[in-house]
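# Structural characterization, general
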Amino acid sequence: MRHLLATEGLTYDDALTILDTAEEMAAVTSREVKKLPTLRGRTVVNLFYEDSTRTRVSFEAAAKRLSADVVNFSAKGSSVSKGESLKDTVQTLDAMGADAIVIRHSAAGAAAQLAASDWSEAAVVNAGDGTHEHPTQALLDALTLRRDWHAAHRGSGSSTSPRGTDLAGMRVLIVGDILHSRVARSNLWLLRTLGAEVHFAAPATLLPLGVESWPVTVHYSLDQALAAAPDAVMMLRVQAERMGGAFFPTAAEYTRRWGLTDERLATVADLTLGETQSPALILHPGPMNRGVEISAAAADAPQTRITEQVTNGVAVRMAVLHLLLTGDHA
Amino acid sequence: MSHSSETAQVMAAPDIDRALTRIAHEIVEAQRGTEGLIILGIPRRGVPLAQRLGAKLASIDPGFDSESSLGALDITMYRDDLRTTAARTPEPTSLPTAGIDGATAVLVDDVLYSGRTVRAALDALADYGRPAVVRLAVLVDRGHRELPIRADHVGKNIPTARHERVAVRLAEIDGIAREAEEVVITR
């Protein structure tokens, strides 16, 4: 791997390598010295053209745990607001000696363009490009799902580590604004690669054109989708900032039809991971709109993995930076 | 077992077992017992070797609890050649429940060559705590050190040329029968 741009096209072997590496990176967080010397002297630039606190902080924490130097560049209050192009910004950062560029941009394909260009020699990590992809989010979701899926299915005596396992047979339901969600797209491709079955549940106005040709089962009712007994329910954020038009009448109606309310939480609480006794999981990429797409009770339920997702995010990003910045291509 | 003309067996399964038995006795003698002793295998082949040493120590000194004194120390992220060799997936690190602060830690690996793995292991160990003493036990010392590092306990010294390769084949890692275990040198 030279860059990480998308989960569409990411091979099964590469996905498992990232997840297995992340599993060991997670152990660093629990030890006395929470730092590895691996990327000492390397520079990681966070180039963020869109607001994001959690993804940027997660990448920053990941780079710092690997001893890399981190430069944060956000478009607000920078030369970009004076009209500088992406190319000029990147060449400036390259001249400062960036070894990896983590880019978030509102335009789909921005990361791919940067990787394909000769503007910089740096490894490129896509941290979200428009409504296209957000690969590290899907990888951290997969890491979270895999750990529970493995723990529920392993027999007594088999390894406690989920290394080398995938999500074969798992059924994951993604609910909400699929249209604007790069998280849904990245998850679809990665979960399929790992052997899981993916379901979408969304109002017709929030489904992308041509979704019927994707390898996914679409439900136009959340209650029907839950009746199909998913092993995990991933609630997407209602992205008010991407909604120019009227996609649904009111927030209250959205909650009533598409929210994980207290009543629906009771339905989810009866679901299990496959044929096991372990409870089905609830995920959310954050930040949550409590009371809109997810009720407070659902957000804090015992089968909810939202804080684990945040922790796993750092581990996955450490793994990605390690794999991209070490090896003979570096 | 037959090999091509370029491969020679330098240790067979009984030799490996005898070497480990002797190392276990050496450790007990040097430590005057097993008080505060922990055994850390360096993945991958150091881990099963450490487990076998632990079992032998327990049979020599019943006071040695191999359950709480055995561990694995992965050094992948501490290597000094990360920029030039292919990226590797780290192996699990598991520390002995007895803890490493103030302990006598014996690092175990299969082959001692340049000494760079041991250098990385010392760095990794320092990030987990501060043992009172660190020792090194290896099954094979093939020479050609590039750093001022030496082993305290050696199963067998095998003089080699740099272009030769030494391979240790163990049941747990290589999926062979315990009786078929061996150390071979390829020219």
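About the criteria used
Residues numbered from 1 in each chain as written. Chains lettered and ligands numbered in written order. Predicted model: local features only at pLDDT ≥ 70, side-chain atom pairs only at ≥ 80, totals over all residues. Heavy atoms only, no water. Pairing = 2+ DSSP bridges. Helix = DSSP H or I, 4+ residues; strand = E, 2+ residues; numbered from the N terminus. Axes fitted to C-alpha atoms, helices over the stretch in contact; angles between N-to-C directions. Contact = heavy atoms within 4.5 Å. UniProt positions renumbered as here; feature names shortened; annotations may be inferred. Polar contact = N/O pair within 3.5 Å; in protein donor to acceptor, adjacent residues only side chain to side chain. Domains from an automatic or database assignment. Buried area = accessible area lost by both parts, 1.4 Å probe. Salt bridge = Lys/Arg side-chain N within 4 Å of Asp/Glu carboxyl O. Expected span 1.5 Å × (residues − 1). Buried < 20%, exposed > 50% of the residue type's maximum accessible area, 1.4 Å probe, protein only. Nonpolar A, V, L, I, M, F, W, Y, C, P; charged D, E, K, R; others polar.

## Some words on the sheet that holds strand 8 (residues 232-235) of chain A
Residues and elements named next belong to chain A.
- One open sheet holds the five strands; their spatial order is 7-6-5-8-9, and the pairing between them is parallel. Each having just a single partner strand, strand 7 (217-219) and strand 9 (281-283) make up the two edges of the open sheet. The mean angle between the axes of side-by-side strands here comes to 20°, regardless of whether they run parallel or antiparallel.
- Here strand 5 (residues 171-175) runs beside strand 6 (residues 197-201); their pairing, made up of five bridges, is parallel. Among the inter-strand pairings, Leu173 is bridged to a residue of strand 6, identified as His199.
- Along the sheet, helix 6 (residues 182-193) contacts strand 5, strand 6 and strand 8; its crossing angle with strand 6, the most-contacted strand, is approximately 155°.

## Re the UniProt feature "binding site: L-aspartate" (unreviewed entry) in chain A
Residues and elements named next belong to chain A.
- Sites flagged by UniProt as "binding site: L-aspartate" (unreviewed entry) map to Lys82, Arg182 and Arg237. The annotated residues occupy 156 residues of the chain and do not converge on a single region, their most distant C-alpha atoms lying 31.6 Å apart.
- Looking at the secondary structure, you find Arg182 in helix 6.
- There is a polar contact of 3.2 Å between the side chain of Arg182 and the side chain of Glu50.

## A few points about the domain arrangement of chain A
Residues and elements named next belong to chain A.
- Once the domains are mapped, chain A shows domain 1 (12-133 + 311-325) and domain 2 (135-306).
- In this structure, domain 1 and domain 2 have C-alpha centres spaced 26 Å apart.
- At the interface, 28 residues of domain 1 touch 29 residues of domain 2.
- Of the roughly 2,400 Å² buried between domain 1 and domain 2, counting both surfaces, carbon and sulfur atoms make up 56%.
- Arg146 is the salt-bridge partner of Asp20, the closest N and O atoms lying 2.9 Å from each other.
- Remark: the boundary between domain 1 and domain 2 carries 13 residue pairs in polar contact (both at pLDDT 80 or more).
- At the level of elements, helix 1 (12-28), helix 2 (54-65), strand 3 (100-105), strand 4 (123-129) and helix 11 (306-325) are the ones that each hand at least two residues to the side of domain 1 that touches domain 2.
- Looking at which element gives the most residues to the side of domain 1 that touches domain 2, the answer is helix 1, with ten residues.

## Thoughts on helix 1 (residues 13-31) of chain B
- Between the first and last C-alpha of helix 1 of chain B there are 27 Å, a value that for 19 residues agrees with the 27 Å anticipated at 1.5 Å per step.
- Along helix 1 of chain B, the positions that sit buried rather than exposed are B:Ala13, B:Ile16, B:Ala19, B:Leu20, B:Ile23, B:Ala24, B:Ile27 and B:Val28.

## Some thoughts on the interface of chain B and chain A
- With 16 residues of chain B at the interface, the matching set in chain A holds 23 residues.
- Summing both sides of the interface, chain B and chain A together bury roughly 1,600 Å²; the carbon and sulfur share of this comes to 56%.
- Ranking the residues of chain B by area buried against chain A places B:Met77, B:Arg83 and B:Asp127 at the top, with a combined share of 36%.
- One can count two salt bridges joining chain B with chain A.
- Across the pair B:Glu91 and A:Arg163 runs a salt bridge, and its minimum N-O distance is 3.6 Å.
- Linking chain B with chain A are six residue pairs in polar contact (both at pLDDT 80 or more).
- Looking at the side of chain B that touches chain A residue by residue, the classes come out as eight nonpolar, four polar and four charged.

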